[in-house]
Amino acid sequence: MGNILIIGAGGVGRVVAHKCAQHRDVFTDICLASRTMEKSEAIAREIDAEVRTAVVDADEANAVVELIRERNVHVLINVASPYQNLAIMEACAQTGVHYVDTSLDDERDRIKYDYADQWAFHERFQAAGATGVLSIGFDPGVVNVYCAHAQKHLFDLIETIDIIDCNDGDHGYEFATNFDPETNIREILADVITFEDGEFKTTKALESCRQFDFPGIGLRDAYLMTHEEVLSIAKFIPDVRNVRFWMTFTEKYLRHLRVLENIGMTLIEPVVYEGREIVPLQFLKHLLPDPATLGPRTKGKTCIGCLFEGQKDGRPRKVLIYNNCQHETCYADVQSQAVSYTTGVPAVLTARLILSGDWAIPGVYNPEQLDPDPFMNGIGRMGLPWKVREE
Ligand code: NDP
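Residues numbered from 1 in each chain as written. Predicted model: local features only at pLDDT ≥ 70, side-chain atom pairs only at ≥ 80, totals over all residues. Heavy atoms only, no water.

Draft legend 1. Representation of the domain arrangement of the protein chain. Entries for the protein chain in the domain assignment read domain 1 (2–138 + 337–382) and domain 2 (142–334). Taking only C-alpha atoms into account, the centre of domain 1 sits 22 Å from that of domain 2. In this complex, domain 1 contributes 45 residues to the contact, which on the side of domain 2 involves 44 residues. If you look at where domain 1 meets domain 2, you find five salt bridges. Arg186 serves as the salt-bridge partner of Asp106, at 3.1 Å between the closest nitrogen and oxygen. At the junction of domain 1 with domain 2, the criterion picks out 23 residue pairs in polar contact (both at pLDDT 80 or more). Those elements that place two or more of their residues in the side of domain 1 that touches domain 2 are helix H1 (11–22), helix H13 (338–356) and helix H14 (372–379). Across the side of domain 1 that touches domain 2, the residue classes tally to 20 nonpolar, 13 polar and twelve charged. (Domains from an automatic or database assignment. Contact = heavy atoms within 4.5 Å. Salt bridge = Lys/Arg side-chain N within 4 Å of Asp/Glu carboxyl O. Polar contact = N/O pair within 3.5 Å; in protein donor to acceptor, adjacent residues only side chain to side chain. Helix = DSSP H or I, 4+ residues; strand = E, 2+ residues; numbered from the N terminus. Nonpolar A, V, L, I, M, F, W, Y, C, P; charged D, E, K, R; others polar.)

Shown next, in the form of structure tokens:
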């Protein structure tokens, strides 16, 4: 049991707060903090349990330290934007508080794509007796745990991992992103880094496309994309030769994105407009629908999983481990669509596993480095059941 601090009151923050409130046996005091009070208070009002709220600028480690001490926090879930990861980890290292996040840290004016700065906290977390679990949303996150499960229980050797992600849902808007538009558009348009034949290779965005059969959805075209789990899975799954990430997009979505890119609306470098600097992508985010408001209008299914190829008992084996999620079911559970749901629920289970002792190992870890069994046993009950399809 312990007190939890959630930082970030967006779409994912809503899911995390609702799920923590459903698990009051573990989370005794719940505090939801964000840059402004309004969104946190709106979420707290939705929940039929006492959830405290606070304002914090998580770019400032000292401000987070102060809040941690004021609330006597034991575990912190960071679901703000990736720019705050290092400041929040600094606060946890200083106070010995357990840390959970759902995406790789980043910088506002350049794409970093490197875990080095977060891994550098490992010794300080060990010394402080704190556990840090990085990037434990769904992808990255649950898919990393699927890899550890396949390695432990299904294969003697995994040669290839294709992470496949299909959101077949519809929110009815011409163009909207299902999570933070800035992070989403940056990652879709970034050069694609994949692990092929034991080496990292770079290609251009949205160039490679392949068809996959998504259980519960059917055949869909998916595009090769940059995604942070490729970096850590290639490092921590022994002898793996290929790790790739594929995501489906509708033709309508891609057409909008290409136009926005062509006219400069997705630039992350500032431009001067009427004497003041603005970042086009941040302005675009301001214009687009807030992903946190998509819940009631999104219908349909998601399917995310890992397609493994390798060897078992001297024979080739090919297996898909996956989850299907229904947007409407997620909304009924926590008033959110499935993309935020599949991100927030694993983070809450992780906080639970840290507090229960199953994942309480001092240091900083990616999910595939930890024992997959307690997570795979618990995630179905939390709302994200998994299945195995022999290919
Ligand atoms: P949103 O943009 O909807 O929400 C982010 C929240 O963080 C907002 O409430 C924002 O406040 C707050 N915030 C931003 N900066 C600060 C700051 N300096 N101090 C305190 N609070 C701050 O994002 P999402 O909820 O969609 O996503 C949250 C995280 O989840 C992101 O890091 C995203 O990359 C990650 N994610 C991971 C996925 C996975 O599967 N691994 C999938 C989807 C998302 P304000 O509203 O005032 O700006």
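Draft legend 2. Structural detail: the site of the ligand. For the ligand, the set of nearby residues contains 29 residues, the closest of which are Val12, Arg35, Lys39, Ala58 and Thr102. Measuring from an oxygen atom of the ligand, one finds a backbone N or O atom of Phe138 at 3.1 Å. Contact with the protein chains covers 92% of the free accessible surface of the ligand, which is 930 Å². Shared between two domains, the shell around the ligand takes at least three residues from each, and those domains are domain 1 (2–138 + 337–382) and domain 2 (142–334). (Near = heavy atom within 4 Å. Areas by Shrake-Rupley, 256 points an atom, 1.4 Å probe, with all protein chains shown as cover.)

Draft legend 3. View of helix H12 (residues 327–334). Turning to H12, its buried residues number three or more, namely His327, Cys330 and Val334. Looking straight down H12, one finds its buried side chains confined to an arc of 60 degrees; they lie on one side. Exposed side chains of H12 directed beyond 90 degrees from the buried face belong to Thr329 and Ala332. Along its buried surface, H12 packs onto H1, strand E7 (157–167), strand E15 (301–312), strand E16 (315–326) and H13. Following H12 by one or two positions, Gln335 adopts a phi angle in the positive range, close to 60 degrees. (Buried < 20%, exposed > 50% of the residue type's maximum accessible area, 1.4 Å probe, protein only. Arc of directions from axis to C-beta.)

Draft legend 4. Molecular detail of the pattern of salt bridges. According to the stated counting rule, one finds 25 salt bridges in the structure shown. Across the pair Asp333 and Lys19 runs a salt bridge whose closest N-O atoms are separated by 2.9 Å. Of this pair, Asp333 sits in helix H12 while Lys19 sits in helix H1, placing them 314 residues apart in sequence. Residue classification places Lys19 among the buried positions, given a relative accessible area of 4%. For the salt bridge of Asp180 with Lys285, the shortest nitrogen-to-oxygen distance reads 2.9 Å. Residue Asp180 is found in the loop between E7 and helix H8 (181–189), and its partner Lys285 is found in helix H11 (residues 280–287); the two are separated by 105 residues along the sequence. When its relative accessible area of 34% is taken as the criterion, Lys285 is described as partly exposed. By sharing partners, the salt bridges in this structure join Asp162, Glu196, Arg210 and Arg244 into a single network.

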